[in-house]
Amino acid sequence: MKNNQQFGRQGWTPERMGDQTGKTFVITGSTSGTGFEAAKILLSKGAKVVMLNRNPKKSEGVISTYKSELGNNIDVSNITVDLGKLASVRKAAEEVLKIVPRIDALMLNAAIAQVPKQVITEDGFESQLGTNHYGNFLLQAILFPLIEKSKGRIVTVGSMGYNLGLKTIKFDDLNWDKNYNGNAAYSQSKLAQIMTVYELQDRLEEAGKSDVKVYACHPGASRTSLIRTSGGLMTRFIWQIMKLSPMVQSAVKGAYPELMCATEPDLDQAGFYGPTGRNYWTGPVGECKLEPHAKDKPVMERLWEVSENAIGQKFEV
């Protein structure tokens, strides 16, 4: 791991970003929180932003907000997607391919968290694994050829939750039919997302491809609506109290890691990026220690195969 102060004492900030005119960023989950702030900062730098959100009415409101703050000339649009439904992901991805000529970065920001009771998606998956991992896996698989053609990036917004729970993938009970635990299922879904990043890096290297860069980051503890919208009552209560403390940072600062991974030149793909302060909750943005279980090669390879079977499609590199 490099010095986590590689960007100075203040860490990485959007001041390091140059003009993004001519670049296109596709970002999921941008109606609130870190996704909202990341898209806004990119637009302020002249980028084109294509949002992928579940709620079209909220998305219209967000676009109005951006235009009122940044001016009517910004280039922002929305495509409706529900990452928890593979059919919806396919439809949205095909629409992206029709209307977007290039992707400089696909930013996988959307997630659900700490779902208190087991929910099974229409495709037969535990909802957090289905949304956070399989939905994003399929989206990447379909959009990959365009990202490669654009010499673009894929940025996965993970979570320090990857380091909680079982610290592996529960292949014998992926849906948690036995002893469902919302926090543990969430941790598994975020670990699966992060493992996919490093397995994809390995596959690109093996194929001799260096045009696409793939990054993993986390937002730290940020004031977002994530837990409020999907967590259980006690989890939401505790989080509302924590959000008032200095242990939690703003959603704007929570957006910095994904913006860095989407735009910073020559960033080492082997790293895991986010706030570098205590517990990696807040602090200057830089490289964080990634625990070895997140790069367990046999698990990563098996997960890739299981994921291809789950989405019914090969992720060709």
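Residues numbered from 1 in each chain as written. Predicted model: local features only at pLDDT ≥ 70, side-chain atom pairs only at ≥ 80, totals over all residues. Heavy atoms only, no water.

Section: helix H1 (residues 33–44)
Across its 12 residues, H1 extends 17 Å between first and last C-alpha, which sits within 8% of the 16 Å expected from 1.5 Å per residue. With 10 of 12 residues buried, H1 lies mostly within the body of the structure. Where H1 is buried, its residues meet strand E1 (24–28), strand E2 (48–53), helix H2 (56–70), strand E3 (75–80), strand E4 (105–108) and helix H8 (251–263). Positive phi shows up at Gly46, right after H1, with a value of about 95 degrees. (Helix = DSSP H or I, 4+ residues; strand = E, 2+ residues; numbered from the N terminus. Expected span 1.5 Å × (residues − 1). Buried < 20%, exposed > 50% of the residue type's maximum accessible area, 1.4 Å probe, protein only. Contact = heavy atoms within 4.5 Å.)

Focus: the confidence of the model for the protein chain
Of the residues in the protein chain, 90% reach a pLDDT of 70 or more, and the chain-wide mean stands at 92. Low pLDDT, under 50, characterises residues 241–246; the stretch is placed with eight contacts to residues that sit more than four places away or in other chains. (pLDDT = per-residue confidence, 0-100.)

Describing the pairing of strand E5 (residues 153–157)
Most of E5 sits inside the fold, with five of its five residues counted as buried. Both faces of E5 are covered, namely the face carrying Arg153, Val155 and Val157 and the face carrying Ile154 and Thr156. Here E4 pairs with E5 via four bridges, running parallel. Looking across to E5, one finds that Ala105 is bridged to Arg153. One ladder, built from five bridges, connects E5 with strand E6 (residues 213–217); its direction is parallel. What sits directly across from Thr156, in E6, is Ala216. Viewed along the sheet, the connection from E5 through helix H5 (residues 182–206) into E6 turns out right-handed. (Pairing = 2+ DSSP bridges. Right-handed = clockwise from strand over helix to strand, strands pointing away.)

Some words on the pattern of salt bridges
All told, the structure shown has 10 salt bridges when counted by the stated rule. A salt bridge links Asp173 to Lys170; the nearest nitrogen and oxygen atoms lie 3.8 Å apart. Of the two residues, Asp173 and Lys170, both sit in the buried class. Residue Glu308 is joined to Lys314 by a salt bridge in which the shortest nitrogen-to-oxygen separation is 3.4 Å. (Salt bridge = Lys/Arg side-chain N within 4 Å of Asp/Glu carboxyl O.)

Here we look at the state of the cysteines
The full count for this structure, using the stated rule, is zero disulfides. A disulfide-free cysteine, Cys217 has its sulfur positioned 4.4 Å from the sulfur of Cys261, the nearest such atom. Not engaged in a disulfide, the cysteine Cys288 finds its nearest cysteine sulfur in Cys217; these two sulfurs lie 9.6 Å apart. (Disulfide = S-S within 2.5 Å.)

Focus: the nonpolar core
Grouped together as the largest cluster of nonpolar side chains are 55 residues, with contacts concentrated most on Ile103, Leu106, Leu139, Leu143, Ile169, Tyr198 and Phe272. Among the elements of the structure, E2, helix H3 (86–99), E4, helix H4 (127–149), H5, E6 and helix H9 (297–311) are those that each provide at least two residues to this core. Counting residues per element, this core draws most heavily on H4, which supplies 11 residues. Setting aside anything within four residues of it in sequence, one finds Ile103 in contact with Thr24, Val26, Val96, Leu143, Leu146, Ile147, Ser150 and Gly152. Core analysis: the next-biggest nonpolar cluster, separate from the first, contains 34 residues, Phe25, Phe36, Ile41 and Ala255 among them. (Core = buried A, V, L, I, M, F, W, Y, C linked by side-chain atoms within 4.5 Å.)

Thoughts on the packing of aromatic side chains
Scanning all chains against the criterion turns up eight aromatic pairs. Judged by centre distance (4.5 Å) and plane angle (50 degrees), the rings of Phe125 and Tyr134 are tilted. By relative accessible area, which is 11% here, Phe125 ends up buried. Accessibility expressed as a relative area gives 3% for Tyr134, which makes it buried. Members of the aromatic cluster, joined through ring pairs, are Phe137, Phe144, Trp304 and Phe315. Here Lys170 stacks its cationic end above the ring of Trp176, 3.8 Å away from the centre of that ring. A cation over an aromatic ring shows up here: Lys295 above the ring of Tyr198, its NZ or CZ 4.4 Å from the ring centre. (Phe/Tyr/Trp six-rings, centres within 6.5 Å; stacked < 30°, edge-to-face > 60°. Lys NZ or Arg CZ within 6 Å of the ring centre and 35° of its normal.)

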